[in-house]
Each structure stands twice: as structure tokens, then as C-alpha cells.
Amino acid sequence: MKNLELAWILAEIGDLLELQGENPFKVRAYRRAARAIELLPEDIEAVWRRGELGRIEGIGKALEEKIDEWLSTGVMTYYEELRRQLPPGLRELTRVPGVGPKLAQRLYQELGIRNLDELEAACREQRLRHVKGLGARSEENILRGIERLRRQMERFPLGLALPVAQQLVRALAEFPSVQRVAIAGSLRRGRETVGDVDIVASSADPASVMDEFVRTPGVEQVLARGDTKASIVLKMGLQVDLRVVRDDQFAAALHHFTGSKEHNVALRELAQAKGLKISEYGIVRVDEGEPLAVATEADVFAAVGLPCIPPELREDGSEIAAAREGRLPALITLGDIKGDLHVHSEWSDGLHSIEAMALAARERGYEYIAITDHSPSLSVARGLDPSRLEEQLEEIARLNRRLDGIRILTGCEVDILRDGSLDLPDEILARLDVVVASVHSAMNLDEAEMTERIVAAMRNPHVDIIGHPTGRILGRREPYAVDMERIIAVAAETGTCLEINASPDRLDLKDVHARWARERGVMIVINTDAHSTDGLDQMAYGVTVARRAWLGKADVLNCLSWPELKARLKDGRR
DNA sequence: GCCGTTTTCGGCCCGACTGTTTTCAGTCG
């Protein structure tokens, strides 16, 4: 699977061309192509073998030739040549806030600066102020930018940024001159990590809102403060941008700042072709200069003849083509979820009793909840051996007789051992309603071994779900080496479901993989892997990932009622 | 570089903020 590698190369070509001062539209063409390939719902090599590279939106003759060369020989000559023409560290200079391609190029030409370290030294030695257009202020800003870059190289996970952003929004909403306020940007689109937080507000007195905003508790630095726009950095390192507009401009501004950039560009091109101009202030007819009324985001789309595109789909612009052709999916919502099929109780490493978990599920309006405690090899988690599991089945039977309004399903999260076998016998698994199989050990196998290990588990006639299929922990542990194409193919063949683990540390499967799985007819299940009653609330994160994967409720196992679900589970079909 | 029920050539989104160059380019989203 070379999609991501190719996307990375094309994006780098875009950056290198930009550093060389190439035609900006050529730069954009490479970036668009990179994005298209990154989000492509199948293996680029398969498309190539069919001779259909040119049918990918954004790939024309020139790019097709370069990709063909790269896939046939492993080398892209054009890329190699570009890399030779510029020092390798130059590209990272543009990661410093305030340093773009033009400045990076001049710093290289005039001061011989080739990387971050040299830029930092030049600032400290006050050599930048001798470059035309730069002064002492620029040196300070660049130094601060380098420091931030070094301290916080990673993006912030959704699960960390969202609560912070919600808190800020609540605080702004209470400010008297604020009329409306909402989260925008990549956070609203539900991306798994975000570089910053964007907030849009409406007010008749923007200056007062700016004053209030830059005094937010926990502000470490004010990066910019204009009449209607300000940027701050919180002590935790998270940057927050606020934009304030008039209340009648709020919907247009919300759409604009939700992005993505590529989505906005594509939508505005479409608008332009219809004689309209879309900006964050609204929509105007170019010939008359007359503004159109925009009360909601749906009005923005309606102006160019499109149905409203949900924020989670606004990524590379291909969603606009889908909308034009009536191919937008009816996305799953949290309300469609009928139960959670992967939770832990105090019987293994969970915090709460089975009854407490069941009542918490009932409170959330669920029809069922599966108790899937660990299996014996996970001794640190007090995994259940067959006899304790036996006791648990009796306990669940008792609770089911006693509790109304919620059905407790029996289950377990069984370990997939190094050789692909499971650490509970088939006779036991056969008696459970739901079997989740997961990898928790020997995570450093090579790709072939790890893939076959998981494939073996999927071929077990009792395994319904593969839990957190790539094992990643955001920001802490890389996914294990696994051939996702093959996992998806075998899942389709065996009727095994793949999990979107909703824990914000995991979000595993991720959006792109879940989208591939759906397109191959694999059923997805969204589970929280909750270890406490509160953990059940993380379902919302999983639903966000599913929406980004274009899933509807028909694609998701736990949107089924219990009778439907039973009929879909492997043992239930017998 | 790509793309085409206005176009196979000539387009390719739109505006705020910063620093500093007295009039705007570069950067950012």
C-alpha cells in the first residue's frame, strides 16, 4: 500500500516548487493531487494496473506519467532532481509561523540559512535585521516561533482539543456583546488531531469581544490582535483563533472558517462559474454587487445549487462533486446507536459493576450492552479464565431477569496470541453473544506476520469483531505494521466486523480505513471500550470518525436492533 | 500542474493581519 507515501512525495514536490518560486497554480496542482491520493478509497497500485490514474480528480497527463514511473521503477526522477536543487532543511523553515516560502528562499540566498538551527543562530546574532523588510521585531517573532515549534511538534488530539474549545465557547457565549458563537475549523470537521482551534462569533461590538478574548485565563501569548480577528496561545501550547463578524454574516463566516481550505476553494470556483462571489461575509452577485441573504450554512450551499454538506465531509473538494451528483450519504448520528459492544467491568480491569454499566447504557437510551472483559493471558488486566467467565455468564443471566429496559449481552475481548490462536477455547466462545478479538501483545511483528495473525483470528467462526485493528495510541504508540487491504478483504469474506474504537486516544480504525472497509462491504461497529460508566460517552468520538468515513446507519453493526444484530453475529446465524 | 454545457487556451478563492518598504508583499487560513 503506497498511497500515503506517494501523497507525501507529491506534497513535498509542491513545497519544493513553492520554495523555488514556481507558478502557484502548479504548486496547488501537486498539493491537490497529494490530497486526492491520500484520501483515495483504494490502493493506488490497483488503479494504476487498471490504467485509470488519469480518472482521479486532479491527476492529468503529466502527473500520471510521474506516478507511473514511480510505481514501475520505485523512483520519480523529477522529485529526485528537485530535492537535489535545495538543501534538505529548507522546507522545515516554512513550518515556523511567519516564515513562508518567499522568506525561506531569501534567508537561504542572502544569509545562507539552510535549516532551523541556523535560522535560530542568525536571529540570536541579530543578523536577520540586515535583510530588507525584516527588523528586530521579526527576529523576536521568529525565535518565539521556533521555540513553539520545538516544544509542540505534534498536533493536538481531538479528545484534548474539543473539551478545551467547548469551554472557551461557553465562556464567550456568556459575554454580553456576543450574539452567537461556535467552534469551526478542523475541530468542527472532526479531524482526529488539530493544529489549532478556530472559533467564530457574532457581535455588534467586535472590539469588546477581542478584549475579552485576549484576556482568557490560561493565555500565554497573544500572536495577533486585529479589529475582528485575534490569535492566542494557551499555556498548554494550543493556539486558538477567534473571528468576530456581524450577526447577519455569522452563517457565511461559520462556513468559511470550518473549511477545509480545499473545500472552500472548490466551492468558490463553482460559485464563480455561476457569477457569484462567496466570502466569509456572505454571497454576492458579481454583476449587481447585490448580497444574497445567508441565514444558515445550508443557504451557502443552496446558492450554488447544492444540498448542505455536513462538516465532516468537507475535506478535499470531492464531496462537492458527490453533492452535485446526489451521492451524499445520509450520515450516521449518535441517536442511531442502539448499544455498545465492547465495554469492561470490574470483573477485569474496568472500574464499575456489570449492573452499573448496564444502567449507564440504559440512561443513554441503548437497547443493549455487551460485557466484554479481558481473557486470561492479559493477566495485568485480571483477564477472566473459563471458570470465572462461567460465573460471569450466570451473573449476567440473573441481571437480565431483574433489569428492565436494557439487555446485557455476554461476551469477551479475547486476546489474539502471537501465532493467531485465541486464548479461550472455542467451546466457550461459542456460548457468548459477542466475541471481540484484539491484539495486546507482541506488537512489533513484521507486517506479514501481524497481518496473518489477525487474519487467523477473523477465520475463527466465533469471532465477530476485530477490536482496535491497528493498535495505535494517538501521540504515544504507532499503529502496528498491518496490511489493511488484506484485513479488509478477509473481513468481507468471513463476515467479521471491524471496530472503530471510539476512545479518543485510539480512534482506531481511522476515518480513511473505515471508509475503505465500507466500500468493500465490511460492516463497521463503533464501540467505546469503556472501562467506566463515563467512558460510554466517548461514543460520540467514534460516531464522528464514522461520519468522516461517509458511513450511514446501515453500515454500522450497533445500529441494528437486538433481533437484527443477533441474526448478523456469527454464532447467531446458526 | 489541471481543466472545460461559457473555454483545448487562459483561466485557476478571498480577505485579514503584520511589519515596515511610505504603499504593499508575504503569510495565513
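What counts and what doesn't
Residues numbered from 1 in each chain as written. Chains lettered and ligands numbered in written order. Predicted model: local features only at pLDDT ≥ 70, side-chain atom pairs only at ≥ 80, totals over all residues. Heavy atoms only, no water. Helix = DSSP H or I, 4+ residues; strand = E, 2+ residues; numbered from the N terminus. Rg over C-alpha atoms; globule rule 2.2 N^0.38 Å. Buried < 20%, exposed > 50% of the residue type's maximum accessible area, 1.4 Å probe, protein only. 1 Å grid on protein atoms, 1.4 Å probe; cavity = no way out; pocket = protein on both sides within 12 Å on 5 of 7 lines; lining within 4 Å. Points joined across faces, edges and corners; volume = space filled by probe spheres on them. Nonpolar A, V, L, I, M, F, W, Y, C, P; charged D, E, K, R; others polar. Pairing = 2+ DSSP bridges. Axes fitted to C-alpha atoms, helices over the stretch in contact; angles between N-to-C directions. Contact = heavy atoms within 4.5 Å. Salt bridge = Lys/Arg side-chain N within 4 Å of Asp/Glu carboxyl O. Expected span 1.5 Å × (residues − 1). Arc of directions from axis to C-beta.

Helix and strand counts for chain A stand at 24 helices and 17 strands. Taken over the C-alpha trace, chain A has a radius of gyration of 26 Å; the compact-globule value for 574 residues is 25 Å, and the two agree within 12%. C-alpha atoms of chain A, sized along the principal axes, occupy 80 × 60 × 50 Å. Counting all 574 residues of chain A, 54% fall into the buried class.

Enumeration over the complete set of coordinates arrives at 1 cavity of 30 Å³ or more. The space that makes up the largest cavity amounts to roughly 40 Å³. Lining the largest cavity are Ala 252, His 255, His 256, Ile 278, Ser 279, Gly 282, Ile 283 and Val 300. Elements with a contribution of two residues or more to the lining of the largest cavity: helix H13 (250–258), strand S8 (276–279) and strand S9 (282–285). In terms of residues, the lining of the largest cavity owes the most to one element, H13, which gives 3 residues. Classifying every residue of the lining of the largest cavity by side-chain character gives 4 nonpolar, 4 polar and no charged.

A sheet is described by the order of its strands in space; here 5 strands give the open sequence S2-S4-S7-S6-S5, paired in mixed fashion. Either end of the sheet is taken by a strand with one partner, and the two such strands are strand S2 (178–184) and strand S5 (219–225). With strand direction ignored, the average angle separating the axes of adjacent strands in the sheet is 20°. Two strands pair when backbone bridges link them, and strand S4 (residues 196–203) and strand S7 (residues 239–245) are joined in this way by 7 bridges, in the parallel orientation. Pairing of Asp 196 across the sheet is with Gln 239, part of S7. Here helix H10 (residues 158–173) sits on the sheet and contacts S2, S4, strand S6 (229–234) and S7; the angle it forms with S2, its principal contact strand, is near 170°. The strands touched by helix H12 (residues 206–214) within the sheet are S2, S4, S5, S6 and S7, with S7 carrying the most contacts at an inclination of about 165°.

Moving on, we get to the pattern of salt bridges. Considering all chains together, one arrives at 41 salt bridges under this definition. We note a salt bridge from Arg 189 to Glu 315, for which the minimum N-O separation is 2.8 Å. One end of the pair, Arg 189, is in helix H11 (residues 185–189); the other, Glu 315, is in the loop between helix H15 (297–303) and helix H16 (318–324), and 126 residues separate them in sequence. Under the relative-accessibility criterion, Arg 189 is labelled buried at 6%. Close ionic contact of Glu 390 with Arg 431 constitutes a salt bridge, the shortest N to O distance being 2.8 Å. Of this pair, Glu 390 sits in helix H18 (residues 386–402) while Arg 431 sits in the loop between helix H19 (426–429) and strand S14 (434–438), placing them 41 residues apart in sequence. Look at Glu 390 and you get partly exposed, because its relative accessible area is 30%.

This next bit is on helix H14 (residues 261–273). For H14, which comprises 13 residues, the first-to-last C-alpha distance of 19 Å matches the rise-based estimate of 18 Å (1.5 Å per residue) to within 8%. For H14, the set of buried residues is His 263, Asn 264, Ala 266, Leu 267, Leu 270 and Ala 271. The buried side chains of H14 occupy one side of the element, clustering within an arc of 165° when seen end-on. Exposed residues lying more than 90 degrees from the buried face of H14 are Lys 261, Gln 272 and Ala 273. Two residues or fewer after H14 comes Gly 275, characterised by a positive phi angle close to 75°.

Take it as geometry only, folks, not as evidence of what the structure does.
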